[in-house]
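# Structural characterization, general
Letter by letter, the chains look like this.
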Amino acid sequence: KQEVTQIPAALSVPEGENLVLNCSFTDSAIYNLQWFRQDPGKGLTSLLLIQSSQREQTSGRLNASLDKSSGRSTLYIAASQPGDSATYLCAVTHNTDKLIFGTGTRLQVFP
Amino acid sequence: EPEVTQTPSHQVTQMGQEVILRCVPISNHLYFYWYRQILGQKVEFLVSFYNNEISEKSEIFDDQFSVERPDGSNFTLKIRSTKLEDSAMYFCASSEDRARGGYTFGSGTRLTVV
C-alpha cells in the first residue's frame, strides 16, 4: 500500500531563507507527483506537477525534484516571503489516477 | 484561469439529514473526483467519476454516499444520512487528462454535522 510522508511537519523561518521541504513515498511505481499549497480553511492550489519520467519542474521561486528510485521528492523555495506561509502537500498517483496525499508541512515565514 | 467551483462553502446539518454538495468542474475536463479532509488529518480520496460512472471508490465511500452528474456542468456528492464523523472539508477536483495528471481543486465545502 502506497504511503506518503512529509518532513518536517512544521517549519518556521525568517524571510529571505531558502527552504527545502521533503516528501517520501513507499512504492516507487508512481505515475506522477504533484505539490499543492493549502491556506488555512481553504482549497488546494496546484504548484508543480512532475511526471514519472521527469526529474524536476520549476515555477518562479519554486523547484521540485523527483527521484523515483529512492521514493523521494523535494520542494525548494528560494528567498522565502511571508506570503509563502501555508501548508504544503505532496501527492502521488500510484496505480490509478487517485491522489495519495502526504501529511503536509506547515510553513511559517516571519518578517 | 479556469476554476472548479463548489457550493456551498459551508453547510451545517443535523445528524441523519441528507446533504448534497455541488461542484462545477472545469468545462473541458473529463475526470471528476471528490476528496475529503477531516480537521487535522490527511486529504483522503473518496471517488473518481468518468464517462457518467464511478471509476474508483475508496472504502470510505459506502452506501451512504453517491455521486451524480445531472447535467453537462454539475457534479454532486450526496450523503444520504449524515453522521457526526462525516464532518470534514469536502473537495471536488477535475482533470483533463488522466494519464498526464494535473488536478484542479475547488475551494471546498466545510460540512459540519451536529
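Up top you'll find the structure we're talking about.
Described in the following lines is the structure provided in the data block. Note that the structure is a prediction, hence the values are computed from the model and not measured.

## With respect to the pairing of strand E4 (residues 31-37) of chain B
All names here are of chain B. Most of E4 sits out of view: 7 of its 7 residues are buried. Going residue by residue along E4, you find Tyr31, Tyr33, Tyr35 and Gln37 tucked away on one face and Phe32, Trp34 and Arg36 tucked away on the opposite face as well. With 7 bridges connecting them, E4 and strand E5 (residues 43-50) associate as antiparallel partners. Within the sheet, the bridge partner assigned to Tyr35 lies in E5 and is Phe45. Following E4, the chain reverses through 5 residues before pairing antiparallel with E5; Gly40 in that reversal takes a positive phi of roughly 85°. Across 7 bridges, E4 lies against strand E9 (residues 88-95) in antiparallel orientation.

## A closer look at the interface of chain A and chain B
The interface is formed by 22 residues belonging to chain A together with 21 residues belonging to chain B. When chain A packs against chain B, close to 1700 Å² is buried across both sides, 51% of that on carbon and sulfur atoms. Counting across the interface, chain A meets chain B through 1 salt bridge. Among the ionic pairs, B:Glu56 bridges to A:Lys98, the shortest N-O distance being 3.5 Å. Between the two partners, chain A and chain B, sit 8 residue pairs in polar contact (both at pLDDT 80 or more). Elements that contribute at least two residues to the side of chain A that touches chain B include exactly strand E4 (32-38), strand E5 (44-51), strand E9 (86-93) and strand E10 (99-101) of chain A. By residue class, the composition of the side of chain A that touches chain B is 7 nonpolar, 11 polar and 4 charged.

## Side note on the packing of aromatic side chains
Residue and element names in this part refer to chain B. One pass over the full model with this rule turns up 14 aromatic pairs over all chains. Relative to Tyr103, the ring of Tyr33 lies with its centre 5.3 Å away and its plane at 75°, an arrangement referred to as edge-to-face. Here the residue Tyr33 occupies a position in strand E4, and Tyr103 occupies one in strand E10 (residues 103-105), the gap between them amounting to 70 residues. A relative accessible area of 0% places Tyr33 in the buried class.

## Considering the pattern of salt bridges
All names here are of chain B. For the coordinates displayed, the defined rule picks out 5 salt bridges over all chains. We note a salt bridge from Arg36 to Glu44, for which the minimum N-O separation is 3.2 Å. On the basis of relative accessibility, which here comes to 24%, the residue Glu44 falls in the partly exposed class.

## Quick look at unusual backbone geometry
Going from A:Ile7 to A:Pro8, the amide bond is cis rather than trans, its omega being 0°. Tracing the backbone shows A:Pro8 in the loop between strand E1 (4-7) and strand E2 (10-14). Of note, the bond from B:Thr7 into B:Pro8 is cis; its omega dihedral lies within 30 degrees of zero at -10°. One can find B:Pro8 in the loop between strand E1 (5-7) and strand E2 (10-13). Phi is positive for A:Ala79, close to 45°, though the residue is something other than glycine. With respect to the helices and strands, A:Ala79 occurs in the loop between strand E8 (72-77) and E9. Unlike most non-glycine residues, B:Asn52 shows phi in positive territory, near 65°.

## Some points on the pairing of E4(A)
Residues and elements named next belong to chain A. The buried fraction of E4 amounts to 7 of the 7 residues, a majority that puts the element mostly inside the structure. Both faces of E4 are covered, namely the face carrying Asn32, Gln34, Phe36 and Gln38 and the face carrying Leu33, Trp35 and Arg37. Where E4 and E5 come together, 7 bridges link them in antiparallel fashion. Among the inter-strand pairings, Asn32 is bridged to a residue of E5, identified as Gln51. Linking two consecutive strands that pair antiparallel, namely E4 and E5, is a turn of 5 residues; a positive phi of about 70° is found at Gly41 within it.

Here is what the cut-offs are and how they apply
Residues numbered from 1 in each chain as written. Chains lettered and ligands numbered in written order. Predicted model: local features only at pLDDT ≥ 70, side-chain atom pairs only at ≥ 80, totals over all residues. Heavy atoms only, no water. Buried < 20%, exposed > 50% of the residue type's maximum accessible area, 1.4 Å probe, protein only. Helix = DSSP H or I, 4+ residues; strand = E, 2+ residues; numbered from the N terminus. Pairing = 2+ DSSP bridges. Contact = heavy atoms within 4.5 Å. Buried area = accessible area lost by both parts, 1.4 Å probe. Salt bridge = Lys/Arg side-chain N within 4 Å of Asp/Glu carboxyl O. Polar contact = N/O pair within 3.5 Å; in protein donor to acceptor, adjacent residues only side chain to side chain. Nonpolar A, V, L, I, M, F, W, Y, C, P; charged D, E, K, R; others polar. Phe/Tyr/Trp six-rings, centres within 6.5 Å; stacked < 30°, edge-to-face > 60°.

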